[in-house]
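Structural characterization, general
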Amino acid sequence: EMCIRDRVSGARTLLQRNPGNVASYVVDRSNRVRLALRPAADGGADMLVRGANGRWRTLLNIPFEDMRVARVLGFTADGGSFLMFDSTGREEYSALVRVDAESGLKTPVGENENADVVDVWLDPATNMPVAFATEYLRREWRGV
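Summary of the structure given here. Computed from a predicted model, the values in this text were never measured in an experiment.

Focus on the overall build of the protein
The helix and strand inventory of the protein stands at zero helices and 13 strands. The N-to-C order of helical and strand elements in the protein reads β-β-β-β-β-β-β-β-β-β-β-β-β. For 144 residues, the compact-globule formula gives about 15 Å, and the C-alpha radius of gyration of the protein, at 16 Å, lands near that figure. If one aligns the C-alpha atoms of the protein with their principal axes, the spans along those axes are about 45 × 40 × 25 Å.

Description of the pairing of strand S8 (residues 81-86)
Among the six residues of S8, six are classified as buried, and the element is accordingly described as predominantly covered. Burial of S8 is two-sided: the residues Ser81, Leu83 and Phe85 facing one way and the residues Phe82, Met84 and Asp86 facing the other way are all buried. Relative to S8, strand S7 (residues 71-75) runs antiparallel, the two being bridged by four bridges. Across the sheet, the residue bridging to Arg71 is Phe85, located in S8.

Comments concerning unusual backbone geometry
The phi torsion at Asn31 lies on the positive side, around 60°, for a residue other than glycine. Unlike most non-glycine residues, Asn127 shows phi in positive territory, near 65°. Within the fold, Asn127 resides in the loop between strand S11 (117-122) and strand S12 (129-135).

Criteria and cut-off values
Residues numbered from 1 in each chain as written. Predicted model: local features only at pLDDT ≥ 70, side-chain atom pairs only at ≥ 80, totals over all residues. Heavy atoms only, no water. Helix = DSSP H or I, 4+ residues; strand = E, 2+ residues; numbered from the N terminus. Rg over C-alpha atoms; globule rule 2.2 N^0.38 Å. Buried < 20%, exposed > 50% of the residue type's maximum accessible area, 1.4 Å probe, protein only. Pairing = 2+ DSSP bridges.

Geometric descriptors of this kind do not, in isolation, establish any biological role.
In structure tokens:
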């Protein structure tokens, strides 16, 4: 189950009941459950998105070999896209990508040809990246 707890009263509100096959959920900035990660038979995962009608549909498939770095960082303030570390379809290294929550279209925001993207600084007002870090021999930060 995914619940939210009121800080003052301690009361819990159920946001999403797990049907038993979901490994994790992601909420947007309004605490609406928007993404679900469901393990696939091949060791990868299906990323599901909840549409405006409340129904879940597959947005992305993450192959087994890319599961090590795939991680959702959060939704942008407008809720139309989310940021994630992703190596799907790349030769070796992960990148910071923005994913359109409707189409699944990925746009690279930060990448390095020699190393994984390992960290990001987000603007607290918009949740958009300000800088990202890669780590080859040492951690290196770059502005977006």
